[in-house]
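Chain by chain, the residues run as shown.
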Amino acid sequence: MNKISLYIGIAILLTLCFSSCKNVPAKKAESVKQPNILYIMSDDHTSQAFGIYGSRLASLNPTPTLDGIAKEGMIFNNCFVTNSICTPSRATIISGQYSQTNGVLDLEGHVAFEKQYLPMEIKKLGYQTALVGKWHLEHQPNFDYYNVFTQHGQQGSYFDPNLTETGMNYTKYGRKGYEGKVYEGHSSDVITDITLDWLKNKRDTSKPFFLMHQFKAPHDDFEYAPRYKDYLEDTEIPEPASLYDNGNNGSVATRGINDSLIHDIGSSLSKRNTIRHMGMKIWSDRYTKRNNPDFDIHQADNLSDKAYTHKTYQEYLKRYLRCVKGVDDNVARIIEYLKKEGLYDNTIIVYTGDQGFMLGEHDYIDKRWMYDESMRMPFFVRYPEKIKKGSRTDAIINNADFAPTLIDLAGGQAPEMMQGNSFKTILETGKEPKGWQQSTYYRYWMHMAHAHANPAHFGIRTKDYKLIFYYGKYWVDTDNPESEWNKKSYNNRFEWHTPVAWEFYDLKADPKEMDNAYNNPEYKVIIADLKEQLKAKRKVLNEEDEDKFPHIQKVIDAHWND
């Protein structure tokens, strides 16, 4: 074939190609950039301590920055933790699994490097991953970059905390003798400085980022930055009525027969709990001088019990809210940077606490309980590309659902080993999809631990009702006295024996859970139905006890129909 024929042939082929392809649209360049994901979590930041949740504290405007973000996205009214204690909650979030499946039942638990499914799946989608702040899961984080608290059992210090950064020796992580690097300042400021430094100087700007920024505050001890010393100083903090009168809340499991255990169970604000009440710390506080050298630890001396409770409550809440103020202000610093760099609207911003927290309700402090103040998690998401501004939902979600949802938002699909459900559709439409879960399961394992002394229990919560089963009395495995569980008694005074009991609350008629109506015949059919739902949920979630904890199953079987 001569050159002229070759050129004619090529011309004909090109003509045919253009002709056949002219009606086929060209593949568009990627029009929507993968969104960044910023997941912010505080420790023990409960829904009562926000403006957006309309609690008695809302009038104090404790979270103006966070409220502003929330109102630009979707607020969840019914987000719940599955096990209200730090390590198990974090394990559920990072694995997408409930406690018995991921193996983290209590504060001694940990999640192995290869079982941190959330960051592992996000990496597969092309994201650069980072974790800053509180980790509390012992093993090296499976993130591209991390800088996490290491001392004090990985809890970290409020002031001058030690953190371990990517590249540092991790073989002695969390153990005495290796505590990383000391950073001067308050922990909330320190981790925000680290996060901003990573965003500015260390991240790969060619990739979207997935950043988990996790505060220590406002965890117990409530050591606030000194600049907040005068915040709310002259303000009278509204009190819950149940601080002084707990009505018919609880049962023999939480109060004892004829209230015989009220001085032992549930750490208190008042002097009720003789082993651990908040006044013991506040009025002989070794931390006080750091925050407020002028604080008079004797000002509660010689007060009546009610006056003592009032004064303790006021000091307790002010310290707590000063820590919250530090969180809110530091989130504002991160938001300011995102806006300045043009990243704000293409970043999915999630905010939550690792569980709820009791702020004097029912005269309780700390968390652990299945009561709403402890079980409810604040949760909201902002992403204007997909989420309607000013939206709100009553859909029930829990912390096992976080990982599947974050993976879904990043463009992936949750692996089968995850037990949670993605609520991406709810975020984007504001509606619950057909078949969406109408209840959530809860279980607290750490029976009578850490002087907070909460009996072990599990239960189910729907939008209208709550059913709780306390199985503590026979927690000890009498068939095997040398079993691991029997050796975990944190407080021998209780000998691990508390009464077995059921509690039931009609949340529409009794939203503050002041009337245990389990024995009210009007609710017999509803309670029977909830028991069936609870049994089915325990089965599907691998929360049954026949195989691993048969001594617990004996109690369940013996008292199921009480």
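All of these numbers come straight from a predicted model, not from anything done at the bench.

Turning our attention to the pairing of strand β4 (residues 145–149). Counting buried positions along β4 gives five out of five residues, so the element sits mostly inside the fold. As paired elements, strand β3 (residues 128–133) and β4 share four bridges and run parallel to each other. Each bridged residue has a counterpart across the sheet, and for G133 the counterpart in β4 is V148.

So, on to the packing of helix α6 (residues 187–202) against helix α10 (residues 305–340). Where α6 meets α10, the closest approach of the two axes is 10 Å, and the angle between their N-to-C directions is 10°. One element, α6, and the other, α10, form an angle in the roughly parallel class. Across the interface between the two elements, S188, D189, T192, D193, T195, L196, L199 and K200 of α6 pack against G326, V327, N330, R333, I334 and Y337 of α10. When grouped by side-chain class, the residues that make up the contact of α6 with α10 number five nonpolar, five polar and four charged.

Let us look at unusual backbone geometry. Here the residue pair A217 and P218 is connected by a cis peptide bond, since its omega of -5° sits within 30 degrees of zero. Along the polypeptide, P218 turns up in the loop between β7 (209–214) and α7 (252–255). Backbone geometry places E513, a non-glycine residue, at a positive phi of 55°. Within the secondary structure, E513 is located in the loop between β16 (501–506) and α14 (524–540).

Next up on the list: the environment of I334. As for its placement among the helices and strands, I334 is situated in helix α10. Not counting residues within four places of it along the chain, the set of residues in contact with I334 comprises L38, T192, T195, L196 and H213.

Any two packed helices are characterised by the angle at which their axes cross and by the distance between the axes. At a minimum axis distance of 7 Å, the contact between helix α2 (residues 64–71) and α10 shows a crossing angle of 50°. By the angle between their axes, α2 is oblique relative to α10. On α10, the residues that touch P64, T65, L66 and I69 of α2 are D328, V331, A332 and I335. The residue makeup of the contact of α2 with α10, split by class, is six nonpolar, one polar and one charged.

The predicted model of the chain averages 89 in pLDDT, with 87% of residues at 70 or higher. Here residues 3–32 scores under 50 on pLDDT; set against residues more than four positions off or in separate chains, the count is one contact.

This part takes up the pattern of salt bridges. Counting across every chain of the model gives 33 salt bridges. As a salt-bridge pair, D189 and R227 come within 2.8 Å of each other at their nearest N and O atoms. Taken together, the residues span a long stretch of sequence, with D189 in helix α6 and R227 in the loop between β7 and α7 at a distance of 38 residues. Here D189 falls in the buried class, since its relative accessible area comes to 18%.

In this structure, F76, L118, F210, M212, F379, F402 and F423 are the most contacted members of the largest nonpolar core, which totals 67 residues. Element by element, the count of residues in this core is highest for helix α12 (residues 402–409), at five residues. Look past the residues within four positions of F423 in its chain and what remains in contact with it is F76, F379, I397, D401, F402, T405 and W436. Ranked by size, the runner-up nonpolar core spans 66 residues in total, among them L60, Y145, F215 and I349.

Sheet architecture is open: ten strands sit in the order β6-β5-β4-β3-β7-β1-β8-β11-β2-β12, paired in mixed fashion. Here the strands that pair on one side only, and so sit at the sheet edges, are β6 (181–182) and β12 (391–398). With six bridges connecting them, strand β2 (residues 74–80) and β12 associate as parallel partners. Paired with F80 across the two strands is N398, which belongs to β12.

Right, let's talk about the packing of aromatic side chains for a bit. Enumeration according to the criterion identifies 29 aromatic pairs in this entry. Grouping aromatic residues by their ring pairs yields a cluster made of Y441, F458, F469, Y471, W502, Y518 and W560. Over the aromatic face of Y224 sits the side chain of R322, whose NZ or CZ is 5.1 Å from the ring centroid. The ring of W445 carries the charged tip of R443 above its face, separated from the ring centre by 3.7 Å.

Among all positions of helix α5 (residues 117–124), only Y117, L118, P119, E121 and I122 are buried. Those residues of α5 hidden inside the fold are in contact with α3 (86–95), β3, β7 and α12. Positive backbone phi, approximately 95°, marks G126, located one or two places after α5.

Relative to the helices and strands, M280 is located in helix α8 (residues 278–282). Not counting residues up to four positions away in its chain, the partners in contact with M280 are N273, T274, I275 and Y308.

Within the secondary structure, D354 is located in the loop between β8 (347–353) and β9 (358–359). With near-sequence residues (within four places) excluded, D354 lies in contact with M41, S42, D43, D44, V81, C86, S89, R90 and M377.

Reading guide: rules and limits
- Residues numbered from 1 in each chain as written.
- Predicted model: local features only at pLDDT ≥ 70, side-chain atom pairs only at ≥ 80, totals over all residues.
- Heavy atoms only, no water.
- Buried < 20%, exposed > 50% of the residue type's maximum accessible area, 1.4 Å probe, protein only.
- Helix = DSSP H or I, 4+ residues; strand = E, 2+ residues; numbered from the N terminus.
- Pairing = 2+ DSSP bridges.
- Axes fitted to C-alpha atoms, helices over the stretch in contact; angles between N-to-C directions.
- Parallel < 35°, antiparallel > 145°, perpendicular 65-115°, else oblique.
- Contact = heavy atoms within 4.5 Å.
- Nonpolar A, V, L, I, M, F, W, Y, C, P; charged D, E, K, R; others polar.
- pLDDT = per-residue confidence, 0-100.
- Salt bridge = Lys/Arg side-chain N within 4 Å of Asp/Glu carboxyl O.
- Core = buried A, V, L, I, M, F, W, Y, C linked by side-chain atoms within 4.5 Å.
- Phe/Tyr/Trp six-rings, centres within 6.5 Å; stacked < 30°, edge-to-face > 60°.
- Lys NZ or Arg CZ within 6 Å of the ring centre and 35° of its normal.

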